[in-house]
Amino acid sequence: MWRRFRFFEKEEKQDLDEEGEVSCACGGRGQLVLGRTNGRVQVVDRGWKTQETFVAHQSDVKHVQAVPGSSMVLTVGKEKGPNNANCFASKLWDLEQPVSKSGTRSCLQTLRGTSNNRYIDGEINCCVVALDPLQKPSMKQHPGLIVGMGMANGDVLVFRGNVARDKYQKFVLQTTPEGNANARTAVTGLGLGMVGQQPVLYVVTSAQTMVYDLATRAKLHTLDDEGCETKNVCTTDKGQLVMGRKEAVYIYEVDGRGPCFAFPGDRRLMKWWQGYLITVDHVEESKKLAVSNTVYETEQQERNDIKVYDLKNKLIVCNLKLVDEVLDVVFEWDGMVVIQKSCCLYLREKDMASKLEILFQKDLYVIALSLVPEDPSFAEVRSDVHQRYGDHLYKKGDYTGAMEQYIETIGFLEPSYVIRKFLDAQRISSLTLYLEKLHEKGLGGADHTTLLLNCYTRLKDVSKLDAFIAAATSFEDENERHAGKTQYGGSFDVSTAIRVLRGAEYFEHALFLSKQAGDYDWYFRILFDDLKRYEEGIEHIAQLEPNVRKGPLLKHGKTLLDHSPTRATAQLMELCTAGTEGAEPVAQATEFLHIYIEHPQELLVFLEFIVNTVPNSEDENVLTTTLLELYLAQDLEAARMHGAQNGHVEKSTSSIAGRNERREKAFHLLQKAWPDDSSDPHFDSSKALMLCQASEFSQGLVFLYERMGQYREVLEVYMADHNYRSLIDTCRRFSESMANTQPHWLRVLDYFVNHECREGKDVSAEVEEVLECIHDKSHLPPMLVLQTLSKNKEINMEVVRRYLSKSMDMQNRQIEEAHTESSRLEKETAQMEKEIKALRTKPILFQNNKCSACMNPLDLPSVHFFCMHSYHQRCLEDTEAECPICAPLAHNVWEIQSALARQASDPKSAEKFFRKLKDSSDGFSVVAEQFSRGLFAAPRMDEFT
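Residues numbered from 1 in each chain as written. Predicted model: local features only at pLDDT ≥ 70, side-chain atom pairs only at ≥ 80, totals over all residues. Heavy atoms only, no water.

### Observations concerning the overall build of the protein chain
- Check the secondary structure of the protein chain and you find 29 helices and 33 strands.
- The buried share among the 945 residues of the protein chain stands at 43%. (Helix = DSSP H or I, 4+ residues; strand = E, 2+ residues; numbered from the N terminus. Buried < 20%, exposed > 50% of the residue type's maximum accessible area, 1.4 Å probe, protein only.)

Written out as structure tokens, the structure is:
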């Protein structure tokens, strides 16, 4: 599986505006050399500025090759030969030579073909040029070269020697046997390699792959019976031949085929650079284009994919997709330059740090190590990779592997970084190995020596353990011994020494050393866990400063409560209330709640003291809720403690009265923590409600429900307790403070009716009282009340007689009032109809003599309205056709009618009506209200036309 990374960044794209398209390119000495179709050669610097342009050939420049390690450039291009025929010519140029006064560049040498003229016989498909390793260059002459040209007829033309001085050997290598012209195949690629000190030439045709000895000019052997296409051949830094076909990429040594990599694709170009294999593949893909909703057309799209492979680590470090054709890839300016016909694209390789960071983010440390060269200059970088790799293995739990990596960092990484990771007893063997390696390299200090002794102790090396104890408890003189002073910290770490002493069961020595060092964590751990001297520990804690006292009580408080609960609780009380005047206590009570998990009585006393002593603390909600839970516990026998002064607490002679007394305390706690509806509770109301429900604490439930505004739940509590008097009184109280109490009274009435049916108890008096309240305060519909009463056949008529009499009297009064209002509206309606008829059938006499707007005498032209208002025409706007005084009122009426019509036509209006009808206790009122709003109005005829 090949991993993909972005080790190259596309930095810039530069358009090339010279005449003629680019046909080939090469790089060297910080410059790009571009061959163009018009026969010119363009030299471009790092700033993308053209330094020089000269005519190299009469026509298209086919190949341009820079001589590695020199300033010379070889070009191959077309020129007019005899009879105006297109011939190939090859020329050598030295770009460091000064140009002539006329601004033209002189050709260093023209390579002659087999016919010994200035032209090459046949078409040149490829070429290769390099310094001859057997000819050492001198300061006065150009170096010796090896130039190979692959021909279309299957021959290879080789020039070897000082080509610039015209002192070279020229010979032809035939890739096919003589006399077998039909078997000739074009040469598609060349490459130079080495066998020992002798250069060899790889020759690739479209049919086979061969290697030739340039010294003997003989074919050594055939590497493969298959070849490849043009531009798909390159050589590695080690002189290996790399050849690409559509199915794979093959690597050849001089003596045969090497590894193969399955990189399928229509390969158009292959290059090798600094261990990277660069391929350019031509890709064709079909893409559907929508012509319409149902018709699609298929369009063929072409692109060129540039991929950079790291074959050693099996990585794809660059993957670039380009639409335009890629002519060549040139390596210059610490990166790659992709050459296209009209532009160049620069890809910069990221530095080592950036590449490693990418790999670190994906935990690919093995690959990161393979990327870093094994060179002394990169030793620190390799150490950093080993460190990160070790950290990664450590997190995964592979401590042995992690230590192997950390050992490679010795001399670069601070040893304490590794030591801290392996102080655990399970990793003692790895730590011992690291410390031994540290000492082998002479880098172990005093602390490392102490730690190494600790490791030997854990490994039960008794002799080394005795030596360590002797060094840890040495005294300067006898007086200091009696004074309790010890000399420590110079040659060993105190904590490490204490661990060694405890491991060897020298508890007194460890206790003394920890006390002298002021390490109270170790001191109390030894005192309680090893020596079991709890009273001595509590006395010592009482002598510490409050800010120091907190740590031991947090760590060892549970142990102290198990063995001395009274004194431990007193210490905690003092600690949680200790502090300077006006300042917060040094510890919060909530930090110690977990240590009381097995001591509920002491916790109750502790919380009562804190809640009453430290009001309005940050943790008051948690403390109050926890105290309420203790008060409501079923099996807790609360203890009363007093005299919490001077760190001493004594139990009283009598215990808490019992559960009822604790419930009284719980109710007083609720009242204190939630004094009124406008304030927030100083406890968790949801949890308090749950606790009251679980313990069936009705008094607390009623209080909480009333504070939370859940009045229906208050009634349910009284119903569950069959508390008739409180139920009715509470409902009366709700009626005085709430606008709508009909549902509450109806629920109470239903409770008494059904309760008598179920329990067989006589609740006639309560029913009669509820009916009286319903009539006076709730005004429930009598029909609904009678329906509820009908559920109980045992209720006598005498119980409801008075209610029915009052209800009928009230309804009679309401009917009379309704009749009176109806008569008034009928008279007004008749009068309005009479006025409308008069307006339609009788003439109207307008007698106003003043304008209703400006109140000046009327003159012509004037405007009169049927509402009997008159105006000057000039007092009205041109588009105004309504009376300015009466129009606003009429518009309001029309808007109300329109709103009611829209509401009636709303599709959801019926759903809302039925929901409201279901939730209401007086369905007739709901129907009447909706009828008045037009919900049941018949549609007008104009709605259907």
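### Remarks on the nonpolar core
- Phe606, Leu704, Leu749, Phe752 and Leu789 are the most contacted members of the largest nonpolar core, which has 88 residues in total.
- The element best represented in this core is helix α16 (residues 600-613), accounting for seven residues.
- Here Leu749 is in contact with Val767, Val770, Leu771, Ile774, Val785, Thr788 and Leu789, once residues within four sequence places are set aside.
- Counting residues in each nonpolar core, the second largest holds 54 residues, with Tyr276, Leu320, Ile367 and Ile419 among its members. (Core = buried A, V, L, I, M, F, W, Y, C linked by side-chain atoms within 4.5 Å. Contact = heavy atoms within 4.5 Å.)

### Description of the side chain of Thr409
- Along the chain, the position of Thr409 falls in the loop between α4 (399-407) and α5 (415-421).
- Exposure remark for Thr409: the relative accessible area of 0% places this residue in the buried category.
- The contact partners of Thr409, leaving out residues within four places of it in the chain, are Ser383, His386 and Gln387.

### With respect to the packing of helix α18 (residues 659-673) against helix α20 (residues 698-708)
- For the pair α18 and α20, the least separation of the axes is 9 Å and the interaxial angle reads 10 degrees. Put simply, α18 runs roughly parallel to α20. You can see that α18 and α20 cross each other, and the crossing is right-handed. Taking contact as the criterion, the partners of Phe667, Leu670 and Gln671 in α18 are, on α20, Gln699, Gly700, Phe703 and Leu704.
- Its residues assigned to classes, the contact of α18 with α20 shows four nonpolar, three polar and no charged. (Axes fitted to C-alpha atoms, helices over the stretch in contact; angles between N-to-C directions. Parallel < 35°, antiparallel > 145°, perpendicular 65-115°, else oblique. Left-handed = near helix turned anticlockwise from the far one by under 90°. Nonpolar A, V, L, I, M, F, W, Y, C, P; charged D, E, K, R; others polar.)

### Focus: the layout of surface pockets
- The volume enclosed by the second largest pocket comes to roughly 560 Å³.
- Taken together, 22 residues form the lining of the second largest pocket, with Gln274, Gly275, Tyr276, Asp310 and Lys312 sitting closest to its centre.
- Where the lining of the second largest pocket is concerned, the elements lending two or more residues are β29 (343-349), α1 (352-361) and α2 (365-371).
- Per-class residue counts for the lining of the second largest pocket are eight nonpolar, six polar and eight charged. (1 Å grid on protein atoms, 1.4 Å probe; cavity = no way out; pocket = protein on both sides within 12 Å on 5 of 7 lines; lining within 4 Å. Points joined across faces, edges and corners; volume = space filled by probe spheres on them.)

### Some details on the environment of Ser695
- Here Ser695 is to be found in the loop between α19 (685-694) and α20.
- With a relative accessible area of 5%, Ser695 lands in the buried category.
- Sequence separation between Ser695 and Ala633 is 62 residues, and the spatial gap between their C-alpha atoms is 7.4 Å.
- Look past the residues within four positions of Ser695 in its chain and what remains in contact with it is Leu632, Gln634, Arg659 and Arg663.
- There is a polar contact of 2.8 Å between the side chain of Ser695 and the backbone oxygen of Leu691. (Polar contact = N/O pair within 3.5 Å; in protein donor to acceptor, adjacent residues only side chain to side chain.)

### Points about α20
- Along α20, the residues that are buried comprise Gly700, Leu701, Val702, Phe703, Leu704, Tyr705 and Glu706.
- Positive phi appears at Gly709, one or two residues downstream of α20, with a value of about 75 degrees.

### Description of unusual backbone geometry
- For the peptide bond that leads from Leu860 to Pro861, omega is -5 degrees, which places it in the cis range.
- In this fold, Pro861 is placed in the loop between α26 (797-841) and β32 (862-864).
- The residue Arg217 is not glycine, and still its phi comes out positive at about 60 degrees.
- By the secondary structure assignment, Arg217 is in the loop between β17 (209-213) and β18 (218-224).
- Its identity as a non-glycine residue notwithstanding, Lys314 has a phi of 55 degrees, on the positive side.
- Structurally, the position occupied by Lys314 is in the loop between β25 (296-310) and β26 (315-322).

### Observations regarding empty space enclosed by the protein
- Under the counting rule described, the total for this entry stands at three cavities of 30 Å³ or more.
- What lines the largest cavity is simply Cys576, Glu584, Pro585, Ala587, Gln588, Ala589, Ile610, Val614, Ser617, Glu618 and Leu623.
- When its residues are assigned to classes, the lining of the largest cavity shows seven nonpolar, two polar and two charged.

### A short note on a nonpolar patch on the surface
- A contiguous nonpolar patch, built from Leu889, Val893 and Trp894 and spanning about 330 Å² of accessible area, is present on the exposed surface.
- Within the secondary structure layout, Leu889 lies in helix α27 (residues 887-905).
- By relative accessible area, Leu889 is classed as exposed at 61%. (Patch = residues over 30% accessible without salt bridge, like charges linked within 9 Å, V, L, I, M, F, W, Y side chains within 5 Å. Areas by Shrake-Rupley, 256 points an atom, 1.4 Å probe, with all protein chains shown as cover. Salt bridge = Lys/Arg side-chain N within 4 Å of Asp/Glu carboxyl O.)

### Some remarks on the side chain of Ser71
- Turning to its location among the elements, Ser71 is positioned in the loop between β7 (61-66) and β8 (72-80).
- Judged by its relative accessible area of 12%, Ser71 falls in the buried class.
- Within polar-contact distance, the side chain of Ser71 engages the side chain of Asp94 at 2.5 Å.
- Filtering out sequence-adjacent residues up to four positions away, Ser71 remains in contact with Arg29, Trp93, Asp94, Leu95 and Glu96.

### Here's the deal with the packing of α1 against helix α3 (residues 379-396)
- Contact geometry for α1 and α3: axes closest at 12 Å, N-to-C directions at 10 degrees. Between α1 and α3, the angle is such that the two are roughly parallel. Listed contacts from α3 to Leu356, Glu357 and Phe360 of α1 are Val381, Asp384, Val385 and Arg388.
- Here the residues of the contact of α1 with α3 are counted per class, giving four nonpolar, no polar and three charged.

### Comments concerning helix α25 (residues 782-789)
- Within α25, burial applies to Pro782, Leu784, Val785, Thr788 and Leu789. One side of α25 holds all its buried residues, which, seen down the axis, span an arc of 160 degrees. (Arc of directions from axis to C-beta.)

### Topic: the pairing of strand β20 (residues 241-244)
- Residues Leu241 and Met243 line one face of β20 and the alternating positions Val242 and Gly244 line the opposite face, and both faces are buried.
- Pairing of strand β19 (residues 233-235) with β20, which is carried by three bridges, proceeds in the antiparallel orientation. Bridge pairing in β20 places Thr235 opposite Leu241.
- Connecting the antiparallel pair β19 and β20 is a turn made up of five residues, with Gly239 showing a positive phi of about 80 degrees.
- Relative to strand β21 (residues 249-253), β20 is paired through four bridges, and the arrangement is antiparallel. Looking at β21, one finds that Leu241 is bridged to Tyr252.
- Where β20 folds back on β21, the antiparallel hairpin that results is connected by four residues. (Pairing = 2+ DSSP bridges.)

### Quick notes on the sheet that holds β8
- If you walk across this open sheet you meet the four strands as β7-β8-β9-β10, and the pairing is antiparallel. The sheet is open, and its two borders are formed by β7 and β10 (109-111), each paired with just one other strand. Each strand axis lies, on average, 25 degrees off the axis of its neighbour in the sheet, ignoring direction.
- In the sheet, β8 pairs with strand β9 (residues 86-94) via nine bridges, with the strands oriented antiparallel. The partner of Val76 across the bridge, within β9, is Ser90.

### What about the sheet that holds strand β13 (residues 155-162)?
- Taking strand neighbours across the sheet as the criterion, the four strands line up as β11-β12-β13-β14 in an open arrangement whose pairing is antiparallel. Looking at which strands have only one partner, the edges of the open sheet turn out to be β11 (124-131) and β14 (167-174). Within this sheet the neighbouring strands show an average axis-to-axis angle of 15 degrees, counted without direction.

### Quick look at the pattern of salt bridges
- As enumerated under the stated definition, the model contains 33 salt bridges in all.
- For Arg29, the salt bridge is made with Glu96, and the minimal N-O distance between the two is 2.8 Å. Of this pair, Arg29 sits in the loop between β3 (22-28) and β4 (31-36) while Glu96 sits in the loop between β9 and β10, and the two are 67 residues apart along the sequence. Take Arg29 and Glu96: they sit in the same class, and that class is exposed.
- Members of the salt-bridge network, linked through shared partners, are Asp224, Glu226, Arg245, Glu247 and Arg257.

### Focus: the confidence of the model for the protein chain
- Per-residue confidence for the protein chain averages 78 on the pLDDT scale, and 82% of its residues sit at or above 70.
- No element of the protein chain has a lower mean pLDDT than strand β30 (residues 641-645), at 36, and none a higher one than β19, at 91.
- Across residues 475-491 the pLDDT falls below 50, and counting only partners more than four positions away or on other chains, this stretch makes 23 contacts in the model. (pLDDT = per-residue confidence, 0-100.)

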